[in-house]
Amino acid sequence: MKTILVTGATGQIGSELTPALRQRYGNDSIIAAGHRKQPDADLTNAGPYCRLNIEDIAALARIVENYRIDTIIHLASLLSAVAETDPQRAWSVNIDGLFNVLEIARQNACSVFFPSSIGAFGPNTPTFDTPQDTIQRPNTLYGIGKVTGELLCDYYHKRYNLDTRGLRFPGLISYKTPPGGGTTDYAVEIFNAAVRWQHYTCYLKPDTQLDMMYMPDAIDAIWQLMTADPKRLIHRNAYNVTAMSFTPEQLAAEIRRHIPDFKMSYKIDPLRQVIADSWPRHMDDSAARQEWGWQARYDLATMVKDMLEHITE
Ligand code: SER
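Bear in mind the structure is a predicted one, so any value in this text is a computation, not a measurement.

Parameters at a glance
- The residue count restarts for each chain, going from 1 along the sequence in the order it is written.
- Only residues with pLDDT of 70 or above have their local features reported here, since the model is predicted, and side-chain atom pairs are shown and tallied only from 80 upward, although totals for entire chains, interfaces and linings are computed over all residues.
- Each side-chain value is worked out from all heavy atoms of the structure, with water and hydrogens disregarded.
- Secondary structure is summarised from DSSP: a helix means a run of H or I of at least four residues, a strand means a run of E of at least two, and numbering begins at the N terminus for each.
- Atoms counted for the radius of gyration: C-alpha only. Globule rule: 2.2 Å times residue count to the power 0.38.
- Burial here depends on accessible area, computed with a 1.4 Å probe over protein chains only, as a share of the maximum for the residue type. Under 20% is buried, over 50% is exposed, and the range in between is partly exposed.
- Two strands pair if DSSP finds at least two bridges between them.
- The axes used here are C-alpha line fits, helices contributing only the stretch in contact, and every angle between their N-to-C directions lies in the interval 0 to 180 degrees.
- For this description, a residue counts as near a given molecule or strand if any of its non-hydrogen atoms is within 4 Å of it.
- As used in this structure description, the phrase polar contact means that two N or O atoms lie within 3.5 Å; if the pair is within protein, one of them must be able to donate a hydrogen and the other to accept it, and residues adjacent in sequence are counted only when both atoms belong to side chains.
- Working definition of accessibility: Shrake-Rupley area with a 1.4 Å probe, residue cover restricted to the visible protein chains.
- Asp, Glu, Lys and Arg are counted as charged, while Ala, Val, Leu, Ile, Met, Phe, Trp, Tyr, Cys and Pro are counted as nonpolar; the rest, among them Gly, fall into the polar class.
- By definition, residues are in contact when any of their heavy atoms lie within 4.5 Å.
- By definition, the arc is the one covered by directions from the helix axis to the C-beta atoms.
- Note on angle classes: values under 35 degrees are labelled roughly parallel, values over 145 roughly antiparallel, values of 65 to 115 roughly perpendicular, and the remainder oblique.
- For a crossing to be left-handed, the near helix must be turned anticlockwise from the far one by less than a right angle; the clockwise case is right-handed.
- As used here, the term nonpolar core means buried Ala, Val, Leu, Ile, Met, Phe, Trp, Tyr and Cys residues forming a set that is joined through side-chain atoms within 4.5 Å.

Participant: Which residues make up the overall build of the protein, and what are the values?
Facilitator: For the protein, the helix and strand inventory stands at twelve helices and 14 strands. Against the 2.2 N^0.38 benchmark of 20 Å for 313 residues, the protein shows a C-alpha radius of gyration of 19 Å, consistent with a compact globule. A principal-axis box enclosing the C-alpha atoms of the protein has dimensions of 55 × 45 × 40 Å. For the protein, with 313 residues in total, the buried portion stands at 57%.

What follows is the structure, encoded as structure tokens:
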């Protein structure tokens, strides 16, 4: 990795990954691309920024050729709940967008990172210790896009020897940029609400258990996988990775250890509840541990403490 294009650089992962990569590889080696006209000054002042609609393959090709990109970290995507409100657009951004990335990567011999998700599983998938290789019949457009993406990345590697790599992320928790339109967003929103109002109304049922990860671990996971020795990568794409697994009730209890007056009430959103109920409760991430040494640093207690400290600041 020498000159890296980050698509979706203004999103939840991109806004933290881009500065982290700029620190490691130098500001000018990381080209941030996003759909926003006016992204945060932090992002544009530090290094190159290009406005990009991922559905526009010609614009993507121009960026990759002009900057002589050798790695594309492709984060541009619609999250699960928002994808369900506009399935046609979700197909175009999430599936056609990835296809554009793989085609331009093939033509320019770039490595590609693709983030899959717990959303790639469905109601028939084993819920606990969800295996790396198992039944995947998701019933959301987001999930269909993730499975398609996993298969496309495998295909481009096998057919064209493209260096594709990827992870299945759980819900990601961060304080810098809100996720916007995901099913796991409650686990981010709750922190701002707890600090400001000591109250949060949760849209998932109290016992809805899902895998989660704190953003510093997600950033490390991407970097570790992309720099791993390719000879060790048996799966290469779509590695299950997780750091913790909890319910809204358990997260509220942990927050209460720091903010004793914190109260949680529930108003269930049927759309997001159905999506959450179709996802695993806890994934088995032993393939990632064995093949490239994955290990999370943050658990529920250390993540909550760190989130509250940063949000209070
Ligand atoms: N956090 C994502 C979502 O809720 C799952 O990958 O859509």
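Participant: Break down the sheet that holds strand 10 (residues 210-214) for me, citing the residues and quoting the values.
Facilitator: Strand pairs in the sheet, formed through backbone hydrogen bonds, run parallel or antiparallel to each other. Taken in spatial order, the three strands line up as 8-10-12 in an open sheet, and their pairing is mixed. The open sheet terminates on both sides in strands that have one partner only, identified here as strand 8 (171-173) and strand 12 (244-246). Put simply, the sheet's adjacent strands are angled 40° from each other on average, direction ignored. Strand direction decides the pairing type here: strand 8 and strand 10, joined by three bridges, are parallel. Bridging from a neighbouring strand, Gly171 pairs with Met212 of strand 10.

Participant: Describe the environment of Leu21, naming the residues involved and giving the relevant values.
Facilitator: With respect to the helices and strands, Leu21 occurs in helix 1 (residues 14-25). Judged by relative accessible area, which is 3%, Leu21 ranks as buried. Counting along the chain gives 202 residues from Leu21 to Trp223, while the straight-line C-alpha distance between them is 8.5 Å.

Participant: Can you explain the site of the ligand? Please cite residues and give values.
Facilitator: All residues adjacent to the ligand are Leu79, Ser80, Ser117, Tyr142, Gly182, Thr183, Thr184 and Trp279. Separating an oxygen atom of the ligand from a side-chain N or O atom of Ser117 is a distance of 2.6 Å. When the ligand sits alone it has 230 Å² of accessible area, and the protein chains cover 92% of it. Classifying every residue of the shell around the ligand gives three nonpolar, five polar and no charged.

Participant: Quick one: what's the story with the sheet that holds strand 2 (residues 30-34), residue by residue and with numbers?
Facilitator: Pairing within the open sheet is parallel, and its seven strands lie in the order 3-2-1-4-5-7-11. If you trace the sheet from one side to the other, it starts and ends with strand 3 (49-51) and strand 11 (239-240), each paired once. Direction of pairing for strand 5 (residues 111-117) relative to strand 7 (residues 164-169): parallel, over a ladder of six bridges. Bridged to Phe113 within strand 7 is Arg165. Those strands touched by helix 3 (residues 57-66) are strand 1 (4-7), strand 2, strand 3 and strand 4 (71-74), and its axis lies near 150° from that of strand 1.

Participant: Give me the lowdown on helix 9 (residues 248-256), citing residues and values where you can.
Facilitator: If you check which residues of helix 9 are buried, you get Pro248, Leu251, Ala252, Glu254 and Ile255. The buried residues of helix 9 occupy an angular sector of 160° when projected down its axis, which confines them to one face.

Participant: Lay out the pairing of strand 2 with the relevant residues and their values.
Facilitator: In terms of burial, strand 2 is largely enclosed, as five of its five residues are buried. Here strand 2 shows a buried face lined by Ile30, Ala32 and Gly34 and a second buried face lined by Ile31 and Ala33. Pairing analysis gives four bridges linking strand 1 to strand 2, with the strands arranged parallel. The residue of strand 2 that forms the bridge with Val6 is Ala32.

Participant: So what's going on with the packing of helix 7 (residues 186-197) against helix 9? Residues and values would help.
Facilitator: Close contact between helix 7 and helix 9 brings their axes to 11 Å; oriented N to C, the two are set at 30°. Our classification of the angle between helix 7 and helix 9 gives roughly parallel. For the element pair helix 7 and helix 9, the recorded crossing hand is right-handed. Residues Tyr186, Ala187, Ile190, Phe191 and Ala194 of helix 7 lie in contact with helix 9, whose contacting residues are Pro248, Leu251 and Ile255. Its residues placed into classes, the contact of helix 7 with helix 9 shows eight nonpolar, no polar and no charged.

Participant: Describe in detail the nonpolar core, supporting the description with residues and values.
Facilitator: Judged by nonpolar contacts, the single largest core of 67 residues is most densely connected at Tyr186, Phe191, Phe246, Leu251 and Met303. The dominant element in this core, judged by the number of residues it contributes, is helix 5 (residues 87-108), at seven residues. If near-sequence neighbours (up to four positions away) are discounted, Leu251 is found in contact with Tyr186, Ala187, Ile190, Phe191, Phe246, Leu300, Met303 and Val304. In terms of nonpolar packing, the next biggest core, distinct from the first, is built from 32 residues, Val6, Tyr49, Leu225 and Tyr239 among them.

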